[in-house]
Amino acid sequence: MIDYNTAVVLAGTSMLGAGAGLIGTFAVLRGRALLGDALGHAALPGVCLGFLLLGRRSLAAMLVGAWLSGVLGILVVAGLRRATRIKEDAAIGIVLSVFFGAGLALSRYIQTQATQGSKAGLDSYIFGKAAGMLQGDLLWISAAALAALLAVVALFKEFRLVTFDGGFARVQGWPAASLDLLLMGLVSLIVVIGLPAVGAVLVAALLILPAAAARFWTERLGMMLVVAGSFGLVMGAAGTAISAHVSRAPTGPIIVLVGTCLFGASALFAPRRGAVARWIDHVRFRRRLRGQAMWRAVYELIEPRFPAIRPIAIDELAHRTSYTPAQLRRVLRQAEMNDLLIRRPDGRYLPTAAGLAQAARVTRGYRLWERFLTEQPELTSTFARLDVESADSALSHEIVAELEAALRAEGRLP
Amino acid sequence: MILDVHNVTVAYHRKPVLWDIDLTLQRPSLVGIVGPNGAGKSTLIKAILGLVPLASGRVTLFGQSCQKQRRLIGYVPQRESVDWDFPVSVLDVVLMGTYGGLGWFRRPRRAQRDWALECLRRVGLADLAGRQIGQLSGGQQQRTFLARAIAQRAEIYFMDEPMAGVDAATERVVFELLGELREQGKTVLVVHHDLRTVAEYFEQVVMLNMRLVAAGPTCTTFTHDNLAKTYGGRLGILDDAAEALAARERSV
């Protein structure tokens, strides 16, 4: 059964995850994911100072403190880059560790000074403790998630433009820097709101994991936002439920583990972009290349005395292809079943009419490309996939006719 | 007066990239910008468009500052300037050309989609409208950017190396497009790297090497003297230049 308290916490972390997924999508595409991480770590000293200044645990004071020191951290990153020649990754590393170190020192100081009740409160800002969420916190979180949703829906077009091509956006007159700042502001909002539930160390994962996982499933930004938002929601909800019921571990790590599972499954099994699909694609690609090499070998063995057709021995083919003997036998058997080759009693092979046509077609395509690429090497990069596109479909008719004429003149046109 | 660049200097970390450039364009034409690597060709375009800060000087377009003339400007950035793995389709990118006219919050509708498709047809990519942009060849990506600029319905176009590393078909599309724009009375400034085709493509030429070496009608400005001044004693380039001049004489 879900009691009222658990329901509040579940609703809170789900909304947090969904908002983080939406904003994280733009942050990841814009290459700002690491900045989100710096923001989370840099927020810790602010939490402690908020506590110290008020002398008691007040969510509002701590979150305002977190936001201020987080933003200060980002400004220091920007300042370091501008004033010195330090690269961004180094600047982020410096800010992240220095601010977080200061936060840890401050929290240790508070724990030795203050009364016992405060201790747990501060710890939850480091590793996250969603169970401590109250109805009032839920209000904050829903407001932040709603702000993220509204901003993304209203400014979808503007964010897409600025994230894809900032220079073009500026030429068109969009305030690219302000839109960028708004995006970073939303990132900081999500980070700060997520701090009590997920903790300073892991809050960036909430931004990065759903977005990175969503990218595997779609080629469209709108769909990516939907998927990332849903992944974030599932991540928050499942993480909270598991950490509340199965173990007494802090929520942050469990949420991140759930997110890691989503990401891992996406990276492996997503159609087209996933590792498995890419591997299958690669295997098919190699098989196609080797098959083409074999048919070319068949053609070139027959070519010298064409139109007379002589039988071809396995050894000759093994010599000219990259198949292992077992693979070659399998491929030949396959060709036999498709009526492309006929196996003679002496073990040699004769191509059928269809087999001969296949060999000629493959060889012609190969020689057209070969000719084209040696004549116009500067154009190699302009064709996306040489293995799939046939010369006839990728090149214009005139060029193909020219290439054919050149091959015919040499007597090499199949 | 279409374009007036006055005393413009651009510097990165105090190292000047463009130094005291004065350039005016009185009437619509096709303008090629040439010069050696690092001469500041792209920077000149970016300075005019306000994408890099000016250390000194000012730029006016049609008599006003560029900030006030945004709707009149079309822009084709270098192909390498964006992430082609970005999750958008070819049509999405071309639609971005209509964003300026739409203004805040409004989404592209049927009219904009039809117009974007028409622009894609003009560069020969209508069949690929639904593809993710990373699946295009280099030349097709370049044509997508061109279609986006056409979709802006601008008066003056700035193109940064639109013919660098593209196939013959794309180069032909760009060339035809330049002609169409010229017929419509538009002005196009093109950063160009191939000296052999300058005389064929451009009525005016701007020769740049940090300083403005020469600017004016191609037939009187694109001379051996000016090429030697622009490229210095670089032998290979001068061979190219000789070939370019020969090509010009043939076309005259």
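Residues numbered from 1 in each chain as written. Chains lettered and ligands numbered in written order. Predicted model: local features only at pLDDT ≥ 70, side-chain atom pairs only at ≥ 80, totals over all residues. Heavy atoms only, no water.

> Talk me through the pattern of salt bridges; I want residue IDs and the actual numbers.
All names here are of chain A. Applying the stated criterion to the full structure yields 28 salt bridges over all chains. One salt bridge connects glutamate 158 with lysine 157, and the closest N-O pair in it is separated by 3.3 Å. Neither glutamate 158 nor lysine 157 differs from the other in exposure class; each is buried. Between arginine 367 and glutamate 303 there is a salt bridge, with the nearest N and O atoms lying 3.0 Å from each other. Of this pair, arginine 367 sits in helix H17 (residues 353-375) while glutamate 303 is found in the loop between helix H14 (275-302) and helix H15 (314-320), placing the two residues 64 residues apart along the sequence. Residue classification places arginine 367 among the buried residues on the basis of a relative accessible area of 3%. If you follow the salt bridges from partner to partner, you end up with Arg296, Glu300, Glu303, Arg320 and Arg367 in one network. (Salt bridge = Lys/Arg side-chain N within 4 Å of Asp/Glu carboxyl O. Buried < 20%, exposed > 50% of the residue type's maximum accessible area, 1.4 Å probe, protein only. Helix = DSSP H or I, 4+ residues; strand = E, 2+ residues; numbered from the N terminus.)

> Describe the nonpolar core, and please don't skip the residues or the numbers.
Core analysis: the largest hydrophobic core is formed by 163 residues, its most contacted members being Phe164 of chain A together with Leu3, Leu120, Phe158, Met159 and Leu178 of chain B. For this core, the element with the highest residue contribution is helix H10 (residues 176-198) of chain A, accounting for 13 residues. Discounting residues that sit within four places of it in the chain, leucine 120 of chain B has contacts with Val90, Leu91, Val94, Leu125, Ala126, Ala129 and Ala147 of chain B. (Core = buried A, V, L, I, M, F, W, Y, C linked by side-chain atoms within 4.5 Å. Contact = heavy atoms within 4.5 Å.)

> So what's going on with the sheet that holds strand E1 (residues 3-12) of chain B? Which residues, and what values?
As a general point, the strands of a sheet are linked pairwise by backbone hydrogen bonds and lie either parallel or antiparallel. Residue and element names in this part refer to chain B. An order of E2-E1-E4-E5 is seen for the 4 strands of this open sheet, with the pairing classed as antiparallel. Looking at strand neighbours, the two that pair on one side only are strand E2 (15-25) and strand E5 (64-65), the edges of this open sheet. Pairing between E1 and E2: 7 bridges, direction antiparallel. Looking at the pairing, tyrosine 12 lines up with lysine 15 of E2. Lying on the sheet, helix H1 (residues 41-49) is in contact with E1, E2 and strand E4 (56-61); it crosses E1 at an angle near 115°. (Pairing = 2+ DSSP bridges. Axes fitted to C-alpha atoms, helices over the stretch in contact; angles between N-to-C directions.)

> Before we move on, can you summarise the sheet that holds strand E10 (residues 211-217) of chain B with the specific residues and values?
All names here are of chain B. If you walk across this open sheet you meet the 6 strands as E6-E7-E8-E3-E9-E10, and the pairing is mixed. At either margin of the open sheet sits one strand with a lone partner, and together these are strand E6 (73-76) and E10. Shown here is a sheet whose adjacent strand axes are inclined to one another by a mean of 15°, direction ignored. When strand E3 (residues 30-34) meets strand E9 (residues 204-209), the two strands line up parallel, connected through 4 bridges. If you follow glycine 32 over to E9, its bridge partner there is valine 205. Strands E3, E6, strand E7 (156-160), strand E8 (187-191) and E9 of the sheet are contacted by H1, whose axis makes an angle of about 145° with E7.

> Residues and numbers for the packing of H14 of chain A against H17 of chain A, please.
Residues and elements named next belong to chain A. The geometry of H14 relative to H17 is characterised by a closest axis approach of 8 Å and an angle of 105° between their N-to-C directions. Comparing the axis directions of H14 and H17 gives the class roughly perpendicular. Contacts between H14 and H17 involve Gln292, Trp295, Arg296, Val298, Tyr299, Glu300 and Ile302 on the former and, on the latter, Gly355, Leu356, Gln358, Ala359, Ala360, Val362, Thr363, Tyr366 and Arg367. (Parallel < 35°, antiparallel > 145°, perpendicular 65-115°, else oblique.)

> Explain unusual backbone geometry to me, using residue names and the numbers behind them.
At aspartate 339 of chain A, a position not held by glycine, the phi torsion is positive, near 60°. Considering the arrangement of structural elements, one finds aspartate 339 of chain A in the loop between helix H16 (325-337) and strand E1 (341-343).

> So what about the interface of chain A and chain B? Which residues, and what values?
With 33 residues of chain A at the contact, the number on the chain B side is 42 residues. Taking both sides of the interface into account, the surface hidden between chain A and chain B amounts to around 3,300 Å²; carbon and sulfur atoms contribute 61%. Counting every contact that joins chain A to chain B gives 5 salt bridges. A salt bridge links aspartate 85 of chain B to arginine 273 of chain A; the shortest N-O distance between them is 2.8 Å. Applying the counting rule to chain A against chain B returns 15 residue pairs in polar contact (both at pLDDT 80 or more). For the side of chain A that touches chain B, the element with the highest residue contribution is helix H8 (residues 156-164) of chain A, accounting for 7 residues. Along the lines of polarity and charge, the residues of the side of chain A that touches chain B split into 17 nonpolar, 6 polar and 10 charged. (Buried area = accessible area lost by both parts, 1.4 Å probe. Polar contact = N/O pair within 3.5 Å; in protein donor to acceptor, adjacent residues only side chain to side chain. Nonpolar A, V, L, I, M, F, W, Y, C, P; charged D, E, K, R; others polar.)

> An account of the domain arrangement of chain A is needed here, citing residue identities and associated values.
As far as domains go, chain A holds domain 1 (4-270) and domain 2 (277-409). Here domain 1 of chain A and domain 2 of chain A have C-alpha centroids that lie 55 Å from each other. (Domains from an automatic or database assignment.)

> So what about the environment of proline 414 of chain A? Which residues, and what values?
All names here are of chain A. Note on placement: proline 414 falls in the segment after helix H19 (397-409). Looking at proline 414, the relative accessible area reads 28%, which means it is partly exposed. Separated by 104 residues in sequence, proline 414 and arginine 310 have C-alpha atoms that sit 17 Å apart. The contact partners of proline 414, leaving out residues within four places of it in the chain, are Tyr299, Ala360, Thr363, Arg364 and Arg367.

> Tell me what's going on with the confidence of the model for chain A, and back it up with residues and numbers.
Across chain A, pLDDT averages 87, with 93% of residues at or above 70. Here helix H6 (residues 117-127) of chain A stands out as the least confident element of chain A, with mean pLDDT 69; H8 of chain A is the most confident, with 96. (pLDDT = per-residue confidence, 0-100.)

> Can you tell me about the packing of H10 of chain A against helix H11 (residues 203-215) of chain A, naming the residues and giving the values?
Residues and elements named next belong to chain A. Running from N to C, H10 and H11 cross one another at 120°; their axes reach a closest spacing of 7 Å. If you check the angle between H10 and H11, you find them oblique. The chirality of how H10 crosses H11 is right-handed. On the side of H10, the interface is formed by Val187, Ile190, Val191, Gly194, Leu195 and Val198, while H11 contributes Val203, Leu206 and Leu207. For the contact of H10 with H11, a count of residues per class yields 8 nonpolar, 1 polar and no charged. (Left-handed = near helix turned anticlockwise from the far one by under 90°.)

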